[in-house]
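Given next are the chains, with one letter for each unit.
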Amino acid sequence: MRVEATALAGVLVLEPAVHRDARGFFLETFQVEAYRAIGIGLPFVQDNHSRSGPRILRGLHAQVGGAPLGKLVRCVRGAVFDVAVDVRRASPHFGRWVGVELSEDNWRQLWVPPGFLHGFCVTAAPAEVEYKCTALWDAALEISVRWDDPTLAIAWPIADPILSPKDAAAPTLAEIRDRLPQG
């Protein structure tokens, strides 16, 4: 597996070895010792799978408080622009983001550590995204931030996304600053 650091400490892009032949391909999507060796928070306790159509944008979300949540994200069908935003108040990178294309063709994964918002938009539909989580989802601990918060200035590759009602009504980062993790 090739590991690529991003501009945000702790956020990693992972490219597993893909073995191809006339029958198709084979890859390991997760192997506990390999991931532990690169510092990815374990154990994983929940797996999620979503399917999204054209122009869908999901996020930005994080789980904070007593059960902060890390995610290992991959796109198994279609393609997405996947984003992580550092919202740890004591971080020198607070409010900065990185975006990576994840697709069925590049097999890349994005590690989004606890303390980071996560979201993605569909760039090739339908898109199916799977992610492993380090904590069980708890609605009371979830925070959301507007996808188009001007202080974040995320360069989304779509201009007029389709959002859930919750994401459309999400506050700005400044409006929820007191709920953000310290560090």
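Residues numbered from 1 in each chain as written. Predicted model: local features only at pLDDT ≥ 70, side-chain atom pairs only at ≥ 80, totals over all residues. Heavy atoms only, no water.

A. Expanded view of the environment of V18. Inspection of the secondary structure assignment puts V18 in strand β3 (residues 18-21). Separated by 89 residues in the primary sequence, V18 and W107 have C-alpha atoms spaced 8.2 Å apart. (Helix = DSSP H or I, 4+ residues; strand = E, 2+ residues; numbered from the N terminus.)

B. Representation of the pairing of β3 in the model. Strand direction decides the pairing type here: β3 and strand β4 (residues 24-27), joined by four bridges, are antiparallel. Directly across from D21, in β4, lies its bridge partner G24. Here β3 folds back onto β4 in antiparallel fashion, the turn holding two residues. (Pairing = 2+ DSSP bridges.)

C. Focus on the pattern of salt bridges. Enumeration according to the criterion identifies 14 salt bridges in this entry. Measuring nitrogen to oxygen at the nearest pair gives 3.5 Å for the salt bridge that ties R77 to E128. Here R77 is found in strand β7 (residues 71-86), whereas its partner E128 is found in strand β10 (residues 116-133), with 51 residues between them in sequence. In this structure R77 comes out as partly exposed when scored by relative accessible area, which is 36%. Judged by relative accessible area, which is 9%, E128 ranks as buried. Salt-bridge contacts for E142 lead to K166; the nearest nitrogen and oxygen are separated by 2.6 Å. (Salt bridge = Lys/Arg side-chain N within 4 Å of Asp/Glu carboxyl O. Buried < 20%, exposed > 50% of the residue type's maximum accessible area, 1.4 Å probe, protein only.)

D. View of the nonpolar core. Core analysis: the biggest nonpolar cluster contains 22 residues, and V11, V80, L102 and L110 have the highest contact counts within it. Put simply, the parts of the chain that give this core at least two residues each are β7, β8 (97-103), β9 (109-112) and β10. With seven residues, β10 is the single largest residue contributor to this core. Sequence-distant contacts of L110, that is, excluding residues within four places in its chain, are made with V11, L12, V13, K71, L72, V73, D82, V100 and L102. Ranked by size, the runner-up nonpolar core spans 20 residues in total, among them V64, F81, V83 and I143. (Core = buried A, V, L, I, M, F, W, Y, C linked by side-chain atoms within 4.5 Å. Contact = heavy atoms within 4.5 Å.)

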